[in-house]
Amino acid sequence: MSLRDFTVGVAEQPERTVVSVSGDIDFETCSLLSRVVDALVLPGRTLVLDLTRITFLGTSALHVLLALRARAIEEEWTLELAGTPDQGLRVLELTATRHLFSLHPAMAPTPR
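Quick caveat, the model's predicted, so the values are computed rather than measured.

Asks: So what exactly am I meant to see when it comes to the sheet that holds strand 3 (residues 46-57) here?
Replies: Within a sheet, each strand pairs with its neighbour through backbone hydrogen bonds, oriented either parallel or antiparallel. Taking strand neighbours across the sheet as the criterion, the five strands line up as 1-2-3-4-5 in an open arrangement whose pairing is mixed. On the outer flanks of this sheet lie strand 1 (7-12) and strand 5 (102-104), each paired with one strand and no other. Strand-to-strand, the axes of this sheet are offset by a mean angle of 25 degrees, without reference to chain direction. Pairing geometry for strand 2 (residues 16-25) and strand 3, over nine bridges, is parallel.

Here it is as structure tokens:
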């Protein structure tokens, strides 16, 4: 999968911000994801990182997730991971970090 197949979408909802990611989250794409999330104002809100459409979650992505978790604690907002595929869950299990994240099933599609 190439960089052009990687997408990040942001949807603001009343109590939360949903960031939907599609493609591989790896060394090449982590900086793009970080830039999108870094631009969000999140204190007092919930950030839902919708991972339903990711195809790969590498160790670089784990660094991004841990940095987001640290930022959430520091800035007093909530981070939730939705729809994390089995491969991503396996990375969290192998690195003993799964317990650090609030994991939820895939989100229902939003009506258009």
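Asks: Explain the environment of Leu33 here, please?
Replies: As for its position among the elements, Leu33 is in helix 1 (residues 27-38). By relative accessible area, which is 2% here, Leu33 ends up buried. In contact with Leu33, other than residues within four places in its own chain, are Phe6, Val8, Val19, Val21, Ile25, Leu49 and Val64.

Definitions and cut-offs
- Residues numbered from 1 in each chain as written.
- Predicted model: local features only at pLDDT ≥ 70, side-chain atom pairs only at ≥ 80, totals over all residues.
- Heavy atoms only, no water.
- Pairing = 2+ DSSP bridges.
- Helix = DSSP H or I, 4+ residues; strand = E, 2+ residues; numbered from the N terminus.
- Axes fitted to C-alpha atoms, helices over the stretch in contact; angles between N-to-C directions.
- Buried < 20%, exposed > 50% of the residue type's maximum accessible area, 1.4 Å probe, protein only.
- Contact = heavy atoms within 4.5 Å.

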